[in-house]
Amino acid sequence: MMLWYKAWLETRWRFVIGLLMLVASAIAVVMVYPRVLALMPLAATVDVGGEIGRRIREAAELSRDYRGYIWSQWFRQNLMEFGTLFAVLLGVGGLLSQRGDAVLFTLSMPVSRNRLVGVRVAVGLAELLVLSIVPQLVIPLVSPAVGQSYSVGDVLVHGVCAFVACGVFFSLAFLLSTVFTDVWRPLLIALALAVTLAFCEQFAFGAPRFGVFEVMSAESYFRSGSVPWLGLLMSASASAALLYGAARNIASRDF
């Protein structure tokens, strides 16, 4: 029980802040929808060429429908950005970031290193699951305030996809935290890789849609009702491989 409590103490403020920010963001996205509808006539007059123009027109077209608006503004933007950030924040830290007596105390506990890693991962993933599901449930609850409705089943599907995909960045940050002894390098490297991957996916036109951010937004589910099973499997496998590497690093490290 002490291990679980210790892992919770390490990550609790990151989790609480993330939950509050995501819930507030979800409410804001819903409440601003009437203003977005009021601006629709102006969007039709925008004449911008190139990729930027295409994206403006696409966003305007999606926003004519409430479901399209929620997907484009929340699931494809806010949730992806905040979800990735807090997945990394929950993943960094751990045993190597502790100092002096704290490390000795943790290692002196009558548990294996694999259990130390397992408990820390379990707590982090449980927190990530809450961040992936709870803010989404706010959308069906608040939607009647703007005269709209949204399916609870849809937000749960999107939430699960977001959890599995965000788990890749949690696992990456956790692995990096078993390589570096500080918090900042794993944090910055994981975020830099996330930005690079997002950029690559953004411009991979015509490529198979199995990327982690495609899974996170569940675009195939939004557009055709098809759950991205292959992408989910690939993301879960990547997370498992990264966490296995982290466990091996801690097991072989000489403290």
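Residues numbered from 1 in each chain as written. Predicted model: local features only at pLDDT ≥ 70, side-chain atom pairs only at ≥ 80, totals over all residues. Heavy atoms only, no water.

(A) Structural detail: the overall build of the chain. For the chain, the helix and strand inventory stands at 12 helices and 0 strands. Counting from the amino terminus, helix and strand elements in the chain follow one another as α-α-α-α-α-α-α-α-α-α-α-α. Considering only contacts within the chain whose residues lie at least 6 apart along the sequence, 80% involve residues at least 24 apart. (Helix = DSSP H or I, 4+ residues; strand = E, 2+ residues; numbered from the N terminus. Contact = heavy atoms within 4.5 Å.)

(B) The arrangement of the nonpolar core in detail. One finds Tyr 66, Ile 70, Trp 74, Phe 75, Ile 139, Phe 169 and Met 216 to be the most contacted residues of the largest nonpolar core, which totals 60 residues. Broken down by element, this core gets its largest block of residues, 14 residues, from helix α8 (residues 152-176). Residues within four places of Ile 139 in sequence aside, it is in contact with Ala 26, Val 30, Tyr 66, Ile 70, Trp 74, Phe 75 and Tyr 150. Residues Leu 3, Ala 7, Val 119 and Val 123 belong to the second largest nonpolar core, which totals 5 residues. (Core = buried A, V, L, I, M, F, W, Y, C linked by side-chain atoms within 4.5 Å. Buried < 20%, exposed > 50% of the residue type's maximum accessible area, 1.4 Å probe, protein only.)

(C) Structural view of the pattern of salt bridges. Evaluated as defined, the whole model comprises 4 salt bridges. A salt bridge links Glu 219 to Arg 223; the shortest N-O distance between them is 2.7 Å. Here Glu 219 pairs with Arg 223, and both are found in helix α11 (residues 219-224), just 4 residues apart, close to one helical turn. Overall, the relative accessible area of 19% leaves Glu 219 in the buried class. Since its relative accessible area comes to 45%, Arg 223 is described here as partly exposed. (Salt bridge = Lys/Arg side-chain N within 4 Å of Asp/Glu carboxyl O.)

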